Amino acid sequence: MRKLSSLIPFIVLSCAAAAQDLAQVQLPAPRMEGGMPLLQALRIRQSQRDFAPDPLPPQVLSNLLWAAWGINRPDSGKRNAPSAMNRQEMDVYVVQADGAYRYDAKAHALVLLLKEDLRGLAGTQPFVKGAPVNLIYVSRAGGGTADDRLIYGGAQAGFISENVYLFCASEGLATVVRGSVDRAALAAALKLGPDQKIILAQTVGYPVKK
Ligand SMILES: Cc1cc2nc3c(=O)[nH]c(=O)nc-3n(C[C@H](O)[C@H](O)[C@H](O)COP(=O)(O)O)c2cc1C
């Protein structure tokens, strides 16, 4: 029989997880220097739809998320992408084989939401469920008219998406931004609230070598 003392860390973790219903996966510190010259990355930026199944190493995922929607000015908490009145009303969800997560930029961590493979719901195109990472851009824009919310959400997702395109160009990764996603089904699976709206999704992975 296991000693009670050996179970205490597990119990503490379980209680903490039950209390928050969440577990956090710390990402390695992101790399914020180097990469390809910007103009060269712009020259090769493109959409690709053939993905190798290989997962992204934690450091690459960390760099990707920081490039996408990380904090580039820690003093003010401002981000790599602009947002209307700096409201930052967008969350990046990460759908991988091992589960679904929300990126917490402040902690530079992934908040585990579900230990399920939701990649089959992350898009309607066949390559989506075989690619290692699908980013889901979820707006929680609350203010303004319904039009404002859609326009701001679309712009916000566009800025983040282009950061991802340029990062992928620089790192030799394949990516495509996608509107083709069953938003209702994915929102239900991710347990999104009524004020959250899936704007776009973006698949990322290694290109298939030809
Ligand atoms: C708002 C938006 C939605 C898109 N939706 C999809 C999509 O659902 N599936 C897809 O394969 N590509 C999608 N794309 C990618 C475009 O097809 C692609 O950007 C376009 O063909 C130009 O190719 P390029 O990105 O290589 O320049 C989308 C692009 C944008 C901006």
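Residues numbered from 1 in each chain as written. Predicted model: local features only at pLDDT ≥ 70, side-chain atom pairs only at ≥ 80, totals over all residues. Heavy atoms only, no water.

Comments concerning helix H3 (residues 58-69)
For H3, with twelve residues, the first-to-last C-alpha span of 16 Å sits near the 16 Å given by 1.5 Å per residue. With respect to burial, H3 is a largely interior element, ten of its twelve residues being buried. (Helix = DSSP H or I, 4+ residues; strand = E, 2+ residues; numbered from the N terminus. Expected span 1.5 Å × (residues − 1). Buried < 20%, exposed > 50% of the residue type's maximum accessible area, 1.4 Å probe, protein only.)

Focus: the side chain of His108
Relative to the helices and strands, His108 resides in the loop between strand S5 (99-104) and strand S6 (109-114). Among the polar contacts made by the side chain of His108, one reaches the side chain of Tyr103 at a distance of 2.8 Å. In this structure His108 touches Gln26, Leu27, Pro28, Pro30, Ser62, Trp66 and Tyr103, once residues within four positions along its chain are discounted. (Polar contact = N/O pair within 3.5 Å; in protein donor to acceptor, adjacent residues only side chain to side chain. Contact = heavy atoms within 4.5 Å.)

Things to note about the layout of surface pockets
Its boundaries defined by the atoms lining it, the largest pocket holds a volume of some 330 Å³. The set of elements that each furnish at least two residues to the lining of the largest pocket consists of helix H2 (38-44), H3 and helix H4 (146-171). With five residues, the single largest contributor to the lining of the largest pocket is H4. Among the elements of the structure, strand S1 (23-26) and H3 are those that each provide at least two residues to the lining of the second largest pocket. For the lining of the second largest pocket, the residue count by class is 13 nonpolar, two polar and two charged. (1 Å grid on protein atoms, 1.4 Å probe; cavity = no way out; pocket = protein on both sides within 12 Å on 5 of 7 lines; lining within 4 Å. Points joined across faces, edges and corners; volume = space filled by probe spheres on them. Nonpolar A, V, L, I, M, F, W, Y, C, P; charged D, E, K, R; others polar.)

Quick word on H4
Between the first and last C-alpha of H4 there are 37 Å, a value that for 26 residues agrees with the 38 Å anticipated at 1.5 Å per step. In the segment just after H4, Gly172 is the residue with positive phi, at about 75 degrees.

Digging into the packing of aromatic side chains
The relation between two aromatic rings is expressed through the spacing of the ring centres and the mutual angle of the planes. The full count for this structure, using the stated rule, is one aromatic pair. Above the ring of Trp69, the side-chain terminus of Arg79 is found at 4.3 Å from the ring centroid. (Phe/Tyr/Trp six-rings, centres within 6.5 Å; stacked < 30°, edge-to-face > 60°. Lys NZ or Arg CZ within 6 Å of the ring centre and 35° of its normal.)

Focus on the confidence of the model for the protein
In this model, the protein carries a mean pLDDT of 91, and residues with pLDDT of at least 70 account for 89%. Low pLDDT, under 50, characterises residues 1-20; the predicted model gives this stretch three contacts beyond four residues in sequence or across chains. (pLDDT = per-residue confidence, 0-100.)

Section: the side chain of Arg79
Within the secondary structure, Arg79 is located in strand S3 (residues 78-79). Of note is the side chain of Arg79, whose polar atom sits 3.1 Å from the side chain of Gln88. With near-sequence residues (within four places) excluded, Arg79 lies in contact with Trp69, Gly70, Ile71, Asn72, Arg73, Gln88 and Ala105.

Description of the pattern of salt bridges
Two side chains bearing opposite charge may form a pair once their charged atoms approach each other closely. Scanning the model with the defined rule gives three salt bridges in all. Between Arg31 and Glu171 there is a salt bridge; the shortest N-O distance is 2.8 Å. With Arg31 in the loop between S1 and H2 and Glu171 in helix H4, this pair connects stretches of sequence that are 140 residues apart. Arg140 serves as the salt-bridge partner of Asp91, at 2.7 Å between the closest nitrogen and oxygen. (Salt bridge = Lys/Arg side-chain N within 4 Å of Asp/Glu carboxyl O.)

Topic: unusual backbone geometry
Although it is not a glycine, Met85 adopts a positive phi angle of roughly 55 degrees. As for its position among the elements, Met85 is in the loop between S3 and strand S4 (90-96). In this model, His108 sits at a positive phi of 45 degrees, which is unusual for a non-glycine residue. By relative accessible area, His108 is classed as buried at 9%.

Here's the deal with the sheet that holds S6
Here seven strands make up an open sheet; going across it, the order is S1-S6-S5-S4-S7-S9-S8 and the pairing antiparallel. Strands with a single pairing partner mark the edges of an open sheet, and in this sheet they are S1 and strand S8 (174-178). For this sheet, the mean inter-axis angle between neighbouring strands, taken without regard to orientation, is 25 degrees. In terms of strand pairing, S5 meets S6 through five bridges, oriented antiparallel. When the bridges of S6 are listed, Asp104 appears paired with Ala109. Relative to S4, H3 is tilted by about 155 degrees, and along the sheet it contacts S4, S5, S6, strand S7 (133-139) and strand S9 (197-205). Where H4 meets the sheet, its contacts fall on S4, S7, S8 and S9, and the angle it forms with S9 comes to roughly 5 degrees. (Pairing = 2+ DSSP bridges. Axes fitted to C-alpha atoms, helices over the stretch in contact; angles between N-to-C directions.)

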